[in-house]
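One letter stands for each residue in the lines below.
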Amino acid sequence: LADFENEAYARLSTAHARIRKLAQPDNQLPIETLFRAMREDHENYLPNTDAGRQEYLNLIVTSLLAIEKLTPSLVDPALIGAGIDSSEIGSTEFTVEGVENDPGRTFSYRADNKVFSIDLGDMSQLPLFETESVATYYGMPGMYAMSSRPLLKIQSMISIPRYSEGWAVYLTANLADLPDFQRSALSLLYFEAMTISLAIADMHIHTDNWSETKALEFASASSPYPVKRLQKSIQITRKIPGTFSAPLLVRMRLEELREQSKQILKQNFDLNEFHNTVLKPGPLPFIELERLVKDWINRKMMPDHPERKRLNQLQL
C-alpha cells in the first residue's frame, strides 16, 4: 500500500509539472492558483440551456468520431471478439436521444452495438477541456471495449472491481502519445490529474480516516475540476472503497507489463499486439493476465514466428 501510494503521488507530481510547462511556461503560478482560475473561468463551460447541451453533445460526438477512427491503431477490433467489424469504425450513424425530450437530461449515442451515456443535467460540472477524455474513457476503445467482453469461466466465479475503468484510465493516460492527440496533451493531463488525485483521496479516506472535507480540499488543489463534481466522486468512494484507487492500480499494472514486454522483445515488440493480448479476454485477475502476456512473449520469441523470421532475415 505504501509503495502504491508513493507511486500515485509521484505520478500526480509529474502530471502537475507537465501541466505547468504546457499551461504557463512563462508564469510559474502555484498549481492551485491555476486550477482555481480555470474552475472560475466561465469560458470553460457551456450555458445550462438546451442549446448549451446540444453544443456539448456535438463536441462529444466529434471526439467519438476522431477516437473511433484511431481505434485500429490502439486495438484491432477484429481480434477482440465483440462482433465489431473493422469497416464500421468511424461510422457517423449516431442516434442522439432526447436533449429536449428527456426529463433526466441524459444523452446516449448508439453506433452499431455501442452505447454511450452522459448526464447533462448540470452543465457547470462538465468542463469543455474534457470532451476527448470523456469520449475515450467511456466509449470505444475505453470502458466499453473491456466491459463488453464475453465472460470466461474464471470471470464468472470471481469479482474483479473496476477493471474496466482501469483499462480506460490506462488508455486516456497514454492517448497523448498518438500524433493526432498531441495537441490535446494539456486537456488529457487535466483529466489525469483528477483521476490520480481522487485515487489518492480514496486511499487516505479508507486508511487514514480522511474526512470528506479534507479529501475535497486535496482533490480541488490537485485538479481543475468543479468542486461539486469532485465532492460527488468523494461521496461515492466513501461508500465504495477502491472506486478510484483500483483503476489506477490496473493502469499501473498494464504499463508495467507493457514495459516488461518491451525490454524482453525489444524491436520485436508490437504495441497493437500487446493491447490485443490484454484486451481480448476481458477483465482478468493479474496472475491470469500476466500468464497471457508471458505466453504472447514466448510465442513472439519462437524461431518459427513470422515476425521472428523477418527480423532474423533483416539481421542476416
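Scroll up for the structure.
Residue positions are given per chain, counting from 1 as you read along its sequence in written order. A pLDDT threshold of at least 70 governs which residues receive local features in this predicted model, and a stricter bar of 80 or more applies before side-chain atom pairs are shown or counted, although totals over entire chains, interfaces and linings include all residues. Heavy atoms throughout the structure, all of them, feed into the side-chain values; hydrogens and water do not.

Draft legend 1. Main features of the nonpolar core. In this structure, Ile19, Phe35, Leu198, Ile200, Leu230, Ile234 and Leu248 are the most contacted members of the largest nonpolar core, which totals 37 residues. The set of elements that each furnish at least two residues to this core consists of α1 (2–23), α2 (31–40), α7 (163–174), α8 (185–207), α9 (212–222), α10 (227–239) and α11 (245–265). Secondary structure follows DSSP: runs of H or I at least 4 residues long count as helices, runs of E at least 2 residues long count as strands, and numbering of each begins at the N terminus. The element contributing the most residues to this core is α8, with 12 residues. Beyond its immediate stretch of four places on either side in the chain, Leu248 contacts Phe4, Ala8, Ile196 and Ala199. Note on terminology: a nonpolar core comprises buried Ala, Val, Leu, Ile, Met, Phe, Trp, Tyr and Cys residues joined through side-chain atoms within 4.5 Å. Only protein chains enter the accessibility calculation, which uses a 1.4 Å probe. A residue is then buried if its area is under 20% of the maximum for its type, exposed if over 50%, and partly exposed in between. In this structure, Leu171, Val278, Val293 and Trp296 belong to the second largest nonpolar core, which totals 18 residues. Here, two residues are considered to be in contact whenever any of their heavy atoms come within 4.5 Å of each other.

Draft legend 2. Quick look at unusual backbone geometry. Backbone geometry places Asn209, a non-glycine residue, at a positive phi of 60°. Examined against the element boundaries, Asn209 turns out to sit in the loop between α8 and α9. Under the relative-accessibility criterion, Asn209 is labelled exposed at 70%. Phi at Lys266 is positive, roughly 55°, even though this residue is not glycine. Summarising the element assignment, Lys266 is placed in the loop between α11 and α12 (271–279). For Lys266, a relative accessible area of 56% gives the class exposed.

Draft legend 3. Spotlight on the packing of α8 against α10. For the pair α8 and α10, interaxial distance at closest approach is 10 Å and the crossing angle is 40°. Considered as vectors, α8 and α10 are oriented oblique to each other. Both α8 and α10 take part in a crossing whose hand is right-handed. For the pair α8 and α10, the contacting residues are Met194, Leu198, Asp202, Ile205 and His206 in the first and Arg229, Leu230, Ser233, Ile234, Thr237 and Arg238 in the second. Note on geometry: axes are C-alpha line fits, over the in-contact stretch for helices, and angles between N-to-C directions span 0 to 180 degrees. Working definition: roughly parallel below 35 degrees, roughly antiparallel above 145 degrees, roughly perpendicular at 65 to 115 degrees, and oblique for all remaining angles. Two helices crossing with the near one rotated counterclockwise from the far one by less than a right angle form a left-handed crossing, whereas a clockwise rotation gives a right-handed crossing.

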